[in-house]
Amino acid sequence: MMKERLTARVILLDPDDRILLMKGRLPSDPAAPGAWFTVGGGVEPGESMVEAAVREIREETGFTDAEVGPVLWEGEQIHHDRKGRPVRVMERFMVARCAGGVPSAEGWQALEQEFVDDIRWWTLEALTACEEPIFPPDLAARLATILAG
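On a predicted model such as this, the values are computed, not experimentally measured, just so you know. Within each chain, residues carry numbers counting from 1 in the order of the written sequence. The predicted origin of the model limits local features to residues at a pLDDT of at least 70 and limits the giving and counting of side-chain atom pairs to 80 or more, whereas totals for whole chains, interfaces and linings rest on all residues. For side-chain calculations, the full set of non-hydrogen atoms in the structure is used, while hydrogens and water are omitted.

Here we look at the packing of aromatic side chains
Line of reasoning, step 1. Centres within 6.5 Å are what make two rings of Phe, Tyr or Trp a pair, Trp counting through its six-membered ring; a difference in plane orientation under 30 degrees is then read as stacked, over 60 as edge-to-face, and the rest as tilted. According to the stated counting rule, one finds 3 aromatic pairs in the structure shown.
Line of reasoning, step 2. When the ring of W36 is compared with that of W122, the centres are 4.9 Å apart and the planes differ by 75°; the resulting orientation is edge-to-face. Of this pair, W36 sits in strand β3 (residues 35–42) while W122 sits in strand β6 (residues 116–122), and the two are 86 residues apart along the sequence.
Line of reasoning, step 3. Classification of W36 by relative accessible area gives buried; the value is 2%.
Line of reasoning, step 4. Residue classification places W122 among the buried residues on the basis of a relative accessible area of 3%.
Line of reasoning, step 5. The lysine or arginine in question, R120, covers the ring of W122, its NZ or CZ lying 3.8 Å from the ring centre.
Line of reasoning, step 6. When the ring centre of W73 is taken as origin, the NZ or CZ atom of R142, which lies over that ring, is 4.1 Å away. Working definition: helices are DSSP H or I runs of at least four residues, strands are E runs of at least two. Numbering for both runs from the N terminus. The buried label applies to any residue whose accessible area, calculated with a 1.4 Å probe on protein chains only, is under 20% of its type's maximum; exposed applies above 50%, and partly exposed to all values in between. Only when the NZ atom of a Lys or the CZ atom of an Arg is both within 6 Å of the ring centre and within 35 degrees of the ring normal do we say a charge sits over the ring.

Given below as structure tokens:
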């Protein structure tokens, strides 16, 4: 049976409607070019989706003031762990807002320190024009819908 991992993914917005994205590589293919992706990560046992989102925001950005909304959409991907075993990653995407500012990497765990290459705020225009890989691939279109209300 394939291992499953439930994850809280966060569309983290600042007061200027910019989205915070991280750029990193998969542990199963560390030499591959990186991709931009949303803040977030695994849901711990006993944690609600919102609790997981708040914790991940704090760990990955240092921001402690985020207000997290409900799950807007779900996704699923198959990734591989370091040993090449498939893992079904069940993603739950939520929007959160915070005061913004410069993100901190102080709370990053070893995996993030090793595989995350960048973290920065993006305008919708910059995201739409980005030619690097972005996950999920339709993030710019989804962000446009979110910002339109």
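Digging into the side chain of E112
Line of reasoning, step 1. Mapped onto the elements, E112 comes out in helix α2 (residues 110–115).
Line of reasoning, step 2. Note on definitions: a residue-residue contact is assigned when non-hydrogen atoms from the two residues lie within 4.5 Å. Among all residues touching E112, those that are not within four sequence positions of it are E56, E60 and G107.

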